[in-house]
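Structural description and commentary
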Amino acid sequence: MSDGSATKARTAMAAITFTPSGETIEVPAGTSLLDAAILCELDVAAPCAGQGRCGRCRVRVTAGEVERRSNAGLETAEILDGWAVACQTYVTGAVEIEVPERRRETVRPHGHAVAEPESLPLGCDWRQNPAVRTFELDIEPPSLGDNTSDFDRLRRALAQQHGVEEVRSELPMLRRLGKDLRMANWKVSVTLEMRDWVYGTYLPPRLIRIYPAAFNHASMGVAIDLGTTSVVAYLLDFATGRVVDSASAYNKQIACGEDVISRIIYAKRRRGLERLQNLAVETINDLLDELQKRNGIELYEIHEVTVAGNTTMTHLLLGLDPQYLRAEPYIPTLSASPKLEARELGLSANMLARVHIMPSVGSYVGGDITAGVISSGMFATDKLTLFIDIGTNGEMVLGNKDWLLACACSAGPAFEGGGVAYGMRASSGAIEDVFISDDTWEPTFRTVGDAPAVGICGSGLIDLLGELFVTGLLDKSGHLDLEAPTARVRVRDGVPEYVVCRAGEGGADHDIALTESDISSLIRAKAAIYAGFEVLCRSVGVDLADVEEILIGGAFGQYINIEKAIRIGLLPDQPVERFKFLGNTSAQGAYAALLCVNIRHEVLDVAAKMTYLELSADNSFMDEYTSALFLPHTDLTGFPSVVAALQKRGDGADARQPIT
Amino acid sequence: MTAVEIPVEKWSGTVRDVTLGSSYGGGTRTSTVTVGGETALPFLDFEGALPHRPALAVEVVDMEPADWSPELVAVWGDDLKDPAKWAARAVAEGADLIALKLRSCHPDFGDRSATDARATVDRVLAAVGVPLIVYGPGTADKDNDVLVAVAEATKGEQLALGLCEEKNYRTIVAAALGNGHLVIAQTPIDVNLAKQLNILISDMRLPLERVLMDPNTGALGYGLEYTYSVMERLRLAALMGDAMTQQPMICTIGEEAWRQKEGRAATDVPAAWGELAERGVAWEVTTAMTLLEAGADILVLRHPSSVGVLREALDDLMKGA
């Protein structure tokens, strides 16, 4: 045995337990917590790739001792509380480390791993008031002495055995009733829609299914978020009220246009509307088929469907002509859902299953937003709340339980990667997290799935814009500093750009850059959204600072880093605690409405209560927009934290500027 | 009988004092011009201080203008051929300062070099004692070339360099910074854009005491109301304490008024329009008076008679101040 290996064998090892995952690992003393976490495949943010500059890889030491080389960005109180910067903290002996929960950024819409809606909104008491119920009946067979009709016999049994009165049925069901009852030998299970609720009126229970009692069939519902880009379906078991599975896919209508306006234009074509409707139904049916196969259920076991989508999407699903949505004065054909069954739309569900469409408020504030207001709970709170759903259209609602004011502003697809040279959706290889050194102007970044970089997604664009700005490479009007001593800033085809990833770096096979025209698209997008906030607030005479809670919904919202979004003036400069991410609020609202009959009532109430502010008719919008076309904003008094950050970093950034 | 009390508005903000021209530290001016300092809306001397009277500049071009109104050609005569003589006469007609346009450096109008431009500026400086505004030819590349050269050659003169716009501000601000000059920040008739450019300039650490803003203007009948309301809003913001709008404003009145039909057409116009000489001056003066009421601090004019009329009007308006 050589001396060397003997020495190695003596290297002290340290045991680390990570909470809450419970992972344990033994590593040589002197290993950084970040490295250990990575070995355990734990999700710790490291935007500066462990250089100790960004201070984002925070973990908490809950037991044991560590060696801290730097506490970058931590407050004294936080250090006392055990918080540490993982890449700058090294193990010396046994420790227990808490890894703060972070929304997983690698799981994106495509695929089926969509989390169950976390909570039901207030007032959702589905057990008291179930939408769909199945009853077993032992019906007395008819005889010459009891010649009551089959349907009346069924109703009599339901009333006597379960106290359910006045059951209705429709023709398709009645046509087979005689045979079904007799084949089951009068021992049947019947599924009823308990409180059919159409146009705000309750109707008596309605018969959806009848089958032999000996069979054990499921009763399921599906909540659908019909997005312009992606469509998500949750499968719900009415027996337990739980989501058992979910599936998502891109909206097949994308082939006919990426945004709502191009689809409205497409609908003008010959059979265009028909094609769009078919594609919407196909997209949903594919998801329903996937859910049915995976869960071993039959299509007739799906007994109710709710759909939340923007106004254009619901018009297209119903085959309503969307042209008037786009032309002044922007009027939808309808706001509340008509009485609708799955067979009328051709959905792969029980043909009698009721389809509820979440009501819309205006042409650009749709059922996805009313569903969002429901799931966010803002319709029931005392607090002044701002609910925002950022996508191609930035939709926002201000208010509380007493009033609601909504508007929509066209932000354009920049934050979804559209119209940006290297923009892309948040899929594998998308740069999602960027940090730029203010000494060398060199970037460090992370990609979705840690795959070789392909392009930049929305969160990456926000990061990049913010980093270029605070490091002084970008001025407040969005121009790159061509004199900056870095080859990363260059002019190509007459357009200045910053190269965030060169071909070859991290496996990328081409340069990935952010150009000045991309920057100006992004600034326009964020300006439209911020101007929307301002106009909403001003129109009711409140200040953005008076807003007590800012709720961020929408798929994109989940991946925004609040501080960085504030830095570029996309979100108001308010304390981080006031912001809450709610995830896919549209899907959550559809789920709540599926489960709770009274929520369907609430959502109509919300839609009726909401005032729609048409920004194109508002003089102040253009002014607010121009004012927001600046980093972070022309009115710096609204952005004290950004001003402070600039001053702090200002010395470094301004050293290159000539001074008299 | 009780006396009616006139309500008096008190403002918290002050427009910055900006001084053009210097007679020491490299400066050779015999007079300087300070504008700004207002703590009240234009000419409302009972509400606040109006320490400096608005200044009148006369536009001088470094080449004989081919497209000017016949009235201007007639009134200036051969002086149009020599910027130094032209400037001297303008001062004799009452100009407080000279606005020299280096148009011959424009690639389409002679493409003269930065060295030529320096020589022209030197000659005008030698011919007059009043401060100078120097406008580049108006194309980004050439502006950078010419204005940087002029700025270096005239270090200490405290010239105002223009036009500094959002797309080219860096070079011009840098030239002004290093040589003790001022800049004229021009934006397209918008409160926010004006403010944004001031912020960008101040981010480069040029003291705002060295920035004039040109909110851009139209002539009477050509969008003047729009400029009026934008200037009024800028001034109100300044008086309400918005530091990034507290710059004195400069308006290129002559250029706008004299390029319209009313300032050019001598024949083929309705009889009621009257004589061109009178009409043209009236057009320039009316535009100027309007913008003075909106808060203009420096008026750049073309006709010597306008200078005389406005001088008298200002004497009157500033009586109480």
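Residues numbered from 1 in each chain as written. Chains lettered and ligands numbered in written order. Predicted model: local features only at pLDDT ≥ 70, side-chain atom pairs only at ≥ 80, totals over all residues. Heavy atoms only, no water.

A few words now on the overall build of chain B. Check the secondary structure of chain B and you find eleven helices and ten strands. Over its C-alpha trace chain B gives a radius of gyration of 19 Å, about what one expects of a compact globule, namely 20 Å for 321 residues. The principal-axis extents of the C-alpha atoms in chain B amount to approximately 70 × 55 × 35 Å. Per-residue burial over chain B gives 56% buried out of 321 residues. In chain B, the proportion of contacts linking residues at least 24 apart, taken out of those at least 6 apart, comes to 69%. A total of about 12500 Å² of accessible surface is found on chain B, and carbon and sulfur atoms cover 53% of it. Placing the 28 positive and 46 negative side-chain charges of chain B at their respective mean positions leaves the two points 4 Å apart. (Helix = DSSP H or I, 4+ residues; strand = E, 2+ residues; numbered from the N terminus. Rg over C-alpha atoms; globule rule 2.2 N^0.38 Å. Buried < 20%, exposed > 50% of the residue type's maximum accessible area, 1.4 Å probe, protein only. Contact = heavy atoms within 4.5 Å. Areas by Shrake-Rupley, 256 points an atom, 1.4 Å probe, with all protein chains shown as cover. Lys, Arg positive; Asp, Glu negative; His and termini not counted. Charge placed at Lys NZ, Arg CZ, Asp CG, Glu CD.)

Taken residue by residue, the interface counts 18 residues in chain B and 18 residues in chain A. Area buried by chain B at its contact with chain A is led by R170, Q196 and R205 of chain B, which between them contribute 33% of it. Here chain B is connected to chain A by four salt bridges. One salt bridge in this structure joins D623 of chain A and R233 of chain B, with 2.7 Å as the shortest N-O distance. Summed over the shared surface of chain B and chain A, the result is nine residue pairs in polar contact (both at pLDDT 80 or more). When residues in the side of chain B that touches chain A are grouped by element, the largest group, seven residues, is from helix 6 (residues 191–203) of chain B. When its residues are assigned to classes, the side of chain B that touches chain A shows seven nonpolar, three polar and eight charged. (Buried area = accessible area lost by both parts, 1.4 Å probe. Salt bridge = Lys/Arg side-chain N within 4 Å of Asp/Glu carboxyl O. Polar contact = N/O pair within 3.5 Å; in protein donor to acceptor, adjacent residues only side chain to side chain. Nonpolar A, V, L, I, M, F, W, Y, C, P; charged D, E, K, R; others polar.)

On to the packing of helix 3 (residues 114–127) of chain B against helix 4 (residues 140–153) of chain B. Residues and elements named next belong to chain B. Between helix 3 and helix 4, whose axes approach to 9 Å, the crossing angle comes to 45°. The orientation of helix 3 with respect to helix 4, classified from their angle, is oblique. Judged by the twist between their axes, the crossing of helix 3 over helix 4 is right-handed. Contact residues: helix 3 offers A114, A117, R118 and V121, while helix 4 offers D145, V146, A149, V150 and A153. Across the contact of helix 3 with helix 4, the residue classes break down as seven nonpolar, no polar and two charged. (Axes fitted to C-alpha atoms, helices over the stretch in contact; angles between N-to-C directions. Parallel < 35°, antiparallel > 145°, perpendicular 65-115°, else oblique. Left-handed = near helix turned anticlockwise from the far one by under 90°.)

For the rest of this paragraph, the subject is a nonpolar patch on the surface. On the surface, a cluster of nonpolar side chains totalling about 300 Å² of accessible area is made up of I6, V8 and F46 of chain B. Residue placement: F46 of chain B occurs in the loop between strand 2 (33–35) and strand 3 (55–61). (Patch = residues over 30% accessible without salt bridge, like charges linked within 9 Å, V, L, I, M, F, W, Y side chains within 5 Å.)

This brings us to empty space enclosed by the protein. Residue and element names in this part refer to chain B. Enumeration according to the criterion identifies four cavities of 30 Å³ or more in this entry. Its boundaries defined by the atoms lining it, the second largest cavity holds a volume of some 90 Å³. E38, P42, F43, L50, H52, P54, R235, L292, G295, A296, D297 and M318 are the residues that line the second largest cavity. In terms of residue class, the lining of the second largest cavity is made up of seven nonpolar, two polar and three charged. (1 Å grid on protein atoms, 1.4 Å probe; cavity = no way out; pocket = protein on both sides within 12 Å on 5 of 7 lines; lining within 4 Å. Points joined across faces, edges and corners; volume = space filled by probe spheres on them.)

Residue and element names in this part refer to chain B. Within the element layout of this structure, K101 appears in strand 4 (residues 97–101). Within the local environment of K101, its side chain forms a polar contact with the side chain of E59, the two groups lying 3.2 Å apart. Excluding its chain neighbours within four sequence positions, the residues that come into contact with K101 are E59, V60, V61, D62, Y135, E255 and R302.

Quite often, the size of an interface is put as the accessible area lost when its parts meet. Segmentation of chain A into domains returns domain 1 (13–98), domain 2 (132–364), domain 3 (369–411 + 530–645) and domain 4 (414–522). Summarising the inter-unit geometry, the C-alpha centres of domain 2 of chain A and domain 4 of chain A are found 46 Å apart. (Domains from an automatic or database assignment.)

Residues and elements named next belong to chain A. The mixed open sheet is built from five strands, whose spatial order is 15-14-13-16-17. Across the chains shown, the open sheet's two edge strands, defined by having one partner strand only, are strand 15 (242–250) and strand 17 (354–357). The sheet shows a mean angle of 15° between the axes of neighbouring strands, direction not considered. (Pairing = 2+ DSSP bridges.)

All told, the structure shown has zero disulfides over all chains when counted by the stated rule. C409 of chain A takes part in no disulfide bond, and the closest cysteine sulfur to it belongs to C407 of chain A, at a distance of 5.5 Å. A disulfide-free cysteine, C105 of chain B has its sulfur positioned 18 Å from the sulfur of C164 of chain B, the nearest such atom. (Disulfide = S-S within 2.5 Å.)

With that out of the way, let us pick up the confidence of the model for chain A. Residues and elements named next belong to chain A. Residues with a pLDDT of 70 or more make up 90% of chain A, whose mean pLDDT is 85. The low-confidence segment residues 1–9 (pLDDT under 50) makes zero contacts with residues lying over four places distant or belonging to another chain. Within the model, pLDDT remains below 50 along residues 103–116, and this stretch shows 38 contacts once partners closer than five positions in the same chain are excluded. (pLDDT = per-residue confidence, 0-100.)

Take the nonpolar core next. Residues and elements named next belong to chain B. Counting 79 residues, the largest nonpolar core has I98 and I201 as the members making the most contacts within it. Broken down by element, the residue count for this core peaks at seven residues, all from helix 10 (residues 276–294). In this structure I98 touches V58, V60, A87, A90, V91, V124, V128, V130, P131, L132 and I133, once residues within four positions along its chain are discounted. (Core = buried A, V, L, I, M, F, W, Y, C linked by side-chain atoms within 4.5 Å.)

When the terminal C-alpha atoms of helix 12 (residues 458–470) of chain A are compared, their 18 Å separation across 13 residues agrees well with the 18 Å that a helix rising 1.5 Å per residue should span. Burial within helix 12 of chain A is extensive, with 13 of its 13 residues counted as buried. (Expected span 1.5 Å × (residues − 1).)

Moving on: the packing of helix 11 (residues 367–376) of chain A against helix 17 (residues 597–609) of chain A. Residues and elements named next belong to chain A. Helix 17 packs onto helix 11 with a crossing angle of 115° between their chain directions and a minimal axis gap of 9 Å. The handedness of the crossing between helix 11 and helix 17 is right-handed. Touching T370, A371, V373 and I374 of helix 11 are I599, E602, V603, V606 and A607, all from helix 17. Considering only residue class, the contact of helix 11 with helix 17 consists of seven nonpolar, one polar and one charged.

Along a regular strand, successive side chains alternate from one face of the sheet to the other. Residue and element names in this part refer to chain A. Direction of pairing for strand 24 (residues 489–492) relative to strand 25 (residues 495–501): antiparallel, over a ladder of four bridges. Across the sheet, residue V489 finds its bridge partner in strand 25, namely Y498. In this structure, the hairpin formed by strand 24 and strand 25 is closed by a connection of two residues, where D493 is found at a positive phi of approximately 50°.

Between its first and last C-alpha, helix 7 (residues 272–295) of chain A extends 34 Å over 24 residues, near the 34 Å set by a 1.5 Å rise per residue. With its phi angle positive at about 60°, G296 of chain A sits one or two positions after the end of helix 7 of chain A.

This part takes up the sheet that holds strand 29 (residues 610–612) of chain A. Residues and elements named next belong to chain A. Strand order in the open sheet formed by six strands is 28-27-18-19-20-29, and the pairing between neighbours is mixed. Either end of the sheet is taken by a strand with one partner, and the two such strands are strand 28 (579–583) and strand 29. Each neighbouring strand pair of the sheet contributes to a mean axis angle of 20°, computed without reference to strand direction. The sheet contacts of helix 17 involve strand 20 (404–410) and strand 29, and relative to strand 29 the element is tilted by about 40°.

Omega for the bond connecting L631 of chain A with P632 of chain A falls within 30 degrees of zero, at -10°, which places this linkage in the cis form. Take P632 of chain A: it is sitting in the loop between helix 18 (619–628) and helix 19 (640–654). Look at the link from G162 of chain B to L163 of chain B: it is a cis peptide, with omega at -10°. Along the polypeptide, L163 of chain B turns up in strand 6 (residues 160–164).

As a further point, take the environment of Y202 of chain A. Residue and element names in this part refer to chain A. Inspection of the secondary structure puts Y202 in strand 11 (residues 201–203). On the accessibility criterion, Y202 (33% relative accessible area) is partly exposed. Expressed as a C-alpha distance, the spacing of Y202 and S427, which sit 225 residues apart in the sequence, is 44 Å.

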